[in-house]
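Results of the structural survey
What follows is each chain in one-letter form.
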Amino acid sequence: MEFTFVSRFFRTKSRSMDHSAPEERNLTVSRVNETSVIRGIRTEDAEMRKFLFTLGCYEGEEITVISRLADNYVVHIKGARYSIDSELARSILI
């Protein structure tokens with residue numbers, strides 16, 4: 001009886017039964033010095049979208065997080081380094 005309780009308590013979800021949609025990852029989950037490919041920009045703010053486009057953040061472009069300090073991210077895009085806040089980082093999907 002104790003075995004069934006333990007197995008039920010610690011049961012893990014089977015991978016074959018997980019049919020959920022792939023989770024969207026944004027730049028905040030990227031590790032330092034990890035190069036990622038931008039999959040898109042997710043924001044309703046047109047000014048923010050335009051600003052990110054002027055930095056070179058568009059689909060297919062590579063982006064690297066150089067450092068993370070509090071709510072600021074230093075990123076490398078197209079040969080240049082920029083400091084962006086966490087709101088901008090959450091808008092960049094990788």
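Residues numbered from 1 in each chain as written. Predicted model: local features only at pLDDT ≥ 70, side-chain atom pairs only at ≥ 80, totals over all residues. Heavy atoms only, no water.

Here's the deal with the overall build of the chain
Summing up its helical and strand segments, the chain has 3 helices and 6 strands in all. Starting at the N terminus, the α and β elements of the chain follow one another as α-β-β-α-β-β-β-α-β. Out of the 94 residues belonging to the chain, those deemed buried represent 30%. Across the chain, contacts joining residues at least 24 apart in sequence account for 56% of those joining residues at least 6 apart. As presented, the chain carries roughly 7300 Å² of accessible surface, and 52% of it is formed by carbon and sulfur atoms. (Helix = DSSP H or I, 4+ residues; strand = E, 2+ residues; numbered from the N terminus. Buried < 20%, exposed > 50% of the residue type's maximum accessible area, 1.4 Å probe, protein only. Contact = heavy atoms within 4.5 Å. Areas by Shrake-Rupley, 256 points an atom, 1.4 Å probe, with all protein chains shown as cover.)

Re the sheet that holds strand β5 (residues 80–85)
To summarise the sheet geometry, strands pair through backbone hydrogen bonds and adopt either a parallel or an antiparallel arrangement. On the basis of which strands lie adjacent, the open sheet formed by 4 strands has the order β1-β3-β4-β5 and antiparallel pairing. Because the sheet does not close on itself, it has two edges, and the strands there are β1 (35–37) and β5. Ignoring strand direction, the axes of neighbouring strands in this sheet form an average angle of 35°. Pairing of strand β3 (residues 62–69) with strand β4 (residues 72–77), which is carried by 6 bridges, proceeds in the antiparallel orientation. When the sheet's bridge partners are listed, Thr-64 is paired in β4 with His-76. (Pairing = 2+ DSSP bridges. Axes fitted to C-alpha atoms, helices over the stretch in contact; angles between N-to-C directions.)

With respect to a negative patch on the surface
A contiguous patch of negative charge, built from Asp-45, Glu-47, Asp-71, Asp-85 and Glu-87, is present on the exposed surface. Following the sequence through the fold, Glu-87 ends up in helix α3 (residues 86–91). Take Glu-87: its relative accessible area is 44%, and that puts it in the partly exposed class. (Patch = residues over 30% accessible without salt bridge, like charges linked within 9 Å, V, L, I, M, F, W, Y side chains within 5 Å. Salt bridge = Lys/Arg side-chain N within 4 Å of Asp/Glu carboxyl O. Lys, Arg positive; Asp, Glu negative; His and termini not counted. Charge placed at Lys NZ, Arg CZ, Asp CG, Glu CD.)

Focus on the environment of Arg-31
Summarising the element assignment, Arg-31 is placed in the loop between α1 (2–9) and β1. Classification of Arg-31 as exposed rests on a relative accessible area of 61%. Distance from Arg-31 to Arg-68, taken between C-alpha atoms, is 9.0 Å for residues 37 residues apart in sequence. Arg-31 has contacts with Val-65 and Arg-68, leaving out every residue within four places of it along the chain.

These figures come from the coordinates and say nothing about function on their own.
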